[in-house]
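The lines below spell out each chain.
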Amino acid sequence: MSAPDFHQLAHDIKLWARELGFDQAGITDTDLRSEEPRLQAWLDAGYHGSMDYMARHGMMRARPHELLPGTVRVLSVRMNYLPFEAGFAATLRDPTLGYISRYALGRDYHKVLRNRLKQLGDRIEARCAELFQGTADTLGEWRPFVDSAPILERPLAAKAGLGWVGKHSLLLNESAGSFFFLGELLLNLPLPLDQSVEKAQCGKCVACINICPTGAIVAPYVVDGRRCISYLTIENDGPIPEEFRPLLGNRIYGCDDCQLICPWNRYADASPEPDFSPRPSLHRPPLLALWRWSERDFLKQTEGSPIRRIGYQRWRRNLAVALGNGPATTEVIAALQLGLTTAEPMVAEHIEWALATLARRQDEENKKTRLLIRCIEKGLPDHA
């Protein structure tokens, strides 16, 4: 029997990946030794916050072959998720609306990508059964990952040629920006390697660093998770530190600011994937409407959504902060006061902060109104 053509197999795998909806696929080895010092320094600085799972497996994140013994290659894939009507600015500029990171407006990406990766793995396994016909029946083993295991997916994707890691720590692609998901298949097939992007193409740009509302990008390529709005509203299961609450604005689940400002995202394509289309109840939603959801409403409206995993209490916590950062209307204050009567302690803390913040804002507005009235009565210019 002739030797298997691994170049042809790699070509076929990438073709199947495109047929399954992935926008790009690349192949790399498992060598991430150069990432280990950076990972250890990040952990030593405590930038992972309460995400204990980041440190739990030691350096396994940089050693994919330890996840599946025999692994010699990683197939890295990306799938665009930007919706056609993203409504970034229109939502962020209106403090009565809730802003949800665009990746979370549709179906849970873990489920979408993992299902496609399983289909891809099945195709690879079937092809290997034909190629090797029992002579090497262990070849063709695979294991899929979608942000669900200790694996450094962005450095792997960069090595596989999918892009480079930007100063905000996200992967950037010169023709697609950064609005895409990543996934991996660990393989024991000696497939030819793809060429990595030679160097990061961010140049002197520091727009993402400057735009971050909480200053979470503490140095190029280094993010202090404890300050990141995505961490504060999603991963953090306790109170949001008071110093960060005013900086959240109306962001109730995640943040996209560092991606929005990035010049490379002018090339980002909208995704035709229907699973990533925004749900009407989550796309530019009025904060008060979300605040009135019962826990049953929350579970129903977030079924199959990544938002559900934060639970109802963290959802209420985030909403309370956003309402406190918005207009001090009678309706908002009444809704918060009503919610306070049945709130659990953590949520109650944030409601009380919101009410106190709104009260101060009302006082400031009243002072300005009284000053304006006095100026008018005395015939002075408004700015006197």
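Look up a bit, the structure's there.
Residues numbered from 1 in each chain as written. Predicted model: local features only at pLDDT ≥ 70, side-chain atom pairs only at ≥ 80, totals over all residues. Heavy atoms only, no water.

## Notes on the sheet that holds strand S4 (residues 142–145)
Right, so step 1: Strand order in the open sheet formed by 4 strands is S1-S2-S7-S4, with antiparallel pairing between adjacent strands. Either end of the sheet is taken by a strand with one partner, and the two such strands are strand S1 (24–28) and S4. The sheet shows a mean angle of 20 degrees between the axes of neighbouring strands, direction not considered.
Right, so step 2: Bridge count between S4 and strand S7 (residues 180–187): 4 bridges; the pairing is antiparallel. Along S7, the bridge assignment pairs Arg143 with Leu186.
Right, so step 3: Contacts from helix H1 (residues 6–19) reach S1 and strand S2 (73–80) within the one sheet, and its direction differs from that of S1 by about 145 degrees.
Right, so step 4: The strands that helix H5 (residues 109–132) touches are S2, S4 and S7; relative to S7, the one it contacts most, it runs at about 35 degrees. (Pairing = 2+ DSSP bridges. Helix = DSSP H or I, 4+ residues; strand = E, 2+ residues; numbered from the N terminus. Axes fitted to C-alpha atoms, helices over the stretch in contact; angles between N-to-C directions. Contact = heavy atoms within 4.5 Å.)

## So, the packing of H1 against H5
Right, so step 1: Two numbers describe how H1 lies on H5: the axes approach to 10 Å, and their chain directions differ by 155 degrees. By the angle class used here, H1 and H5 are roughly antiparallel. With respect to the hand of their crossing, H1 and H5 are arranged in right-handed fashion. When H1 is examined against H5, the residues Phe6, Leu9, Asp12, Ile13, Trp16, Ala17 and Glu19 are found in contact with a partner set consisting of Leu120, Arg123, Ile124, Arg127, Cys128, Leu131 and Phe132.
Right, so step 2: Of the residues belonging to the contact of H1 with H5, the class tally is 10 nonpolar, no polar and 4 charged. (Parallel < 35°, antiparallel > 145°, perpendicular 65-115°, else oblique. Left-handed = near helix turned anticlockwise from the far one by under 90°. Nonpolar A, V, L, I, M, F, W, Y, C, P; charged D, E, K, R; others polar.)

## Considerations on the pairing of S7
Right, so step 1: Burial of S7 is extensive: 8 of the 8 residues sit out of reach of the surface.
Right, so step 2: Neither face of S7 is exposed, since Phe180, Leu182, Glu184 and Leu186 on one face and Phe181, Gly183, Leu185 and Leu187 on the opposite face are all buried.
Right, so step 3: Pairing analysis gives 8 bridges linking S2 to S7, with the strands arranged antiparallel. Its bridge partner lying in S7, Leu75 is registered against Leu185. (Buried < 20%, exposed > 50% of the residue type's maximum accessible area, 1.4 Å probe, protein only.)

## A few points about the side chain of Asn250
Right, so step 1: Mapped onto the elements, Asn250 comes out in the loop between helix H9 (245–248) and strand S10 (251–253).
Right, so step 2: With residues up to four places along the chain from it excluded, the contact list for Asn250 reads Thr91, Leu92, Asp94, Pro95, Leu97, Gly98, Tyr99 and Ala322.

## Quick word on the packing of aromatic side chains
Right, so step 1: Within the structure shown, the criterion is met by 14 aromatic pairs.
Right, so step 2: Taking the centre distance of 6.0 Å and the plane angle of 50 degrees together, the rings of Trp264 and Tyr267 count as tilted.
Right, so step 3: Residues Phe298 and Trp315 carry aromatic rings whose centres are separated by 5.6 Å and whose planes lie at 40 degrees to one another, so their mutual orientation is tilted. Here the residue Phe298 occupies a position in helix H12 (residues 295–301), and Trp315 occupies one in helix H13 (residues 311–324), the gap between them amounting to 17 residues. Accessibility classification places Phe298 together with Trp315 in one group, the buried group.
Right, so step 4: Members of the aromatic cluster, joined through ring pairs, are Tyr81, Phe88, Tyr103, Tyr109, Phe179, Phe181, Tyr253 and Phe276.
Right, so step 5: The ring of Phe180 carries Arg78 above its face, with NZ or CZ at 5.1 Å from the centroid.
Right, so step 6: In this structure, Arg316 is placed above the aromatic ring of Trp291, and the distance from its NZ or CZ to the ring centre is 3.6 Å. (Phe/Tyr/Trp six-rings, centres within 6.5 Å; stacked < 30°, edge-to-face > 60°. Lys NZ or Arg CZ within 6 Å of the ring centre and 35° of its normal.)

## Comments concerning unusual backbone geometry
Peptide bonds are mostly trans, and most non-glycine residues show a negative phi.
Right, so step 1: Here the phi dihedral of Tyr221 falls at roughly 75 degrees; this positive angle occurs in a residue that is not glycine.
Right, so step 2: With respect to the secondary-structure elements, Tyr221 resides in the loop between strand S8 (217–219) and strand S9 (222–223).
Right, so step 3: A relative accessible area of 40% means that Tyr221 is categorised as partly exposed.
Right, so step 4: Its identity is not glycine, yet Arg284 carries a phi of approximately 55 degrees, on the positive side.
Right, so step 5: Looking at the secondary structure, you find Arg284 in the loop between helix H10 (257–260) and helix H11 (287–291).
Right, so step 6: A relative accessible area of 35% places Arg284 in the partly exposed class.

Without other data, these values stay purely geometric and don't point to any function.
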